[in-house]
Amino acid sequence: MNVMECWKKFDIAKCIVNIKESLGELKPHTLKSCWKKLWPALTAENDEESVQVQTLTANIAEIANGIGRDGFEQIESSDI
């Protein structure tokens with residue numbers, strides 16, 4: 001099969017499938033890094049939200065550990 005035959009068989013549906021597969025392989029860190037120069041305010045907001053979420057999950061884990069009942073004594077932030 002030569003290049004022209006390949007292009008003739010390539011249609012919109014195959015294009016969409018290729019895009020979907022490519023996006024599935026894209027790591028969140030890579031996507032965020034791409035937007036950093038284009039839209040700095042967006043990535044700054046996400047960094048702040050990430051810190052807030054980490055703080056909240058740490059607080060929840062601390063409260064759960066303070067309950068002192070079965071199943072709550074070794075809760076970590078990653079469990080939430």
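Structure: above.
Criteria and cut-off values
- Throughout, a residue's number is its position along its own chain's written sequence, starting from 1.
- This being a predicted model, a pLDDT of at least 70 is required before a residue's local features are given, and a value of 80 or more before pairs of side-chain atoms are given or counted; all residues contribute to the totals for chains, interfaces and linings.
- Only hydrogens and water are set aside; all other atoms, that is, all heavy atoms of the structure, feed into the side-chain values.
- Working definition: helices are DSSP H or I runs of at least four residues, strands are E runs of at least two. Numbering for both runs from the N terminus.
- Categorising residues by exposure relies on relative accessible area from a 1.4 Å probe, with only protein chains included: less than 20% of the type maximum marks a residue as buried, more than 50% marks it as exposed, and the intermediate range marks it as partly exposed.
- All accessible-area figures derive from a Shrake-Rupley calculation using a 1.4 Å probe, and residue coverage is judged against the displayed protein chains alone.
- Aromatic rings from Phe, Tyr and Trp, with only the six-membered ring used for Trp, were paired whenever their centres fell within 6.5 Å, and each pair was classed as stacked if the ring planes differed by under 30 degrees, edge-to-face if by over 60, and tilted otherwise.
- Residues forming no salt bridge and having over 30% relative accessible area are the ones grouped into patches, like charges within 9 Å of each other and nonpolar side chains (Val, Leu, Ile, Met, Phe, Trp, Tyr) within 5 Å.
- Salt bridges are counted wherever a side-chain nitrogen of Lys or Arg sits within 4 Å of a carboxyl oxygen of Asp or Glu.

Undergrad: Sorry, what's going on with the overall build of the protein chain here?
TA: Within the protein chain, the regular secondary structure consists of four helices and zero strands. For the protein chain, the proportion of its 80 residues judged to be buried stands at 5%. Counting every atom, the protein chain has about 7,300 Å² of accessible surface; 61% of that belongs to carbon and sulfur.

Undergrad: Which parts of the structure should I look at to understand the packing of aromatic side chains?
TA: By convention here, two paired aromatic rings are described through the distance between centres and the angle between planes. Applying the stated rule across the entire model yields one aromatic pair. Residues tryptophan 7 and phenylalanine 10 carry aromatic rings whose centres are separated by 5.9 Å and whose planes lie at 80° to one another, so their mutual orientation is edge-to-face. What makes phenylalanine 10 partly exposed here is its relative accessible area of 33%.

Undergrad: Would you mind going over a nonpolar patch on the surface with me for this structure?
TA: Taken together, the side chains of Ile19, Leu23, Leu26, Leu31, Trp35, Leu38 and Trp39 make up a nonpolar region of the molecular surface, amounting to roughly 720 Å² of accessible area. Of all the elements in the fold, those that place two or more residues in the nonpolar patch are helix 2 (12-25) and helix 3 (28-38). At three residues, the largest contribution of residues to the nonpolar patch is made by helix 3. By secondary structure assignment, the location of tryptophan 35 is in helix 3. A relative accessible area of 37% means that tryptophan 35 is categorised as partly exposed.

Take it as geometry only, folks, not as evidence of what the structure does.
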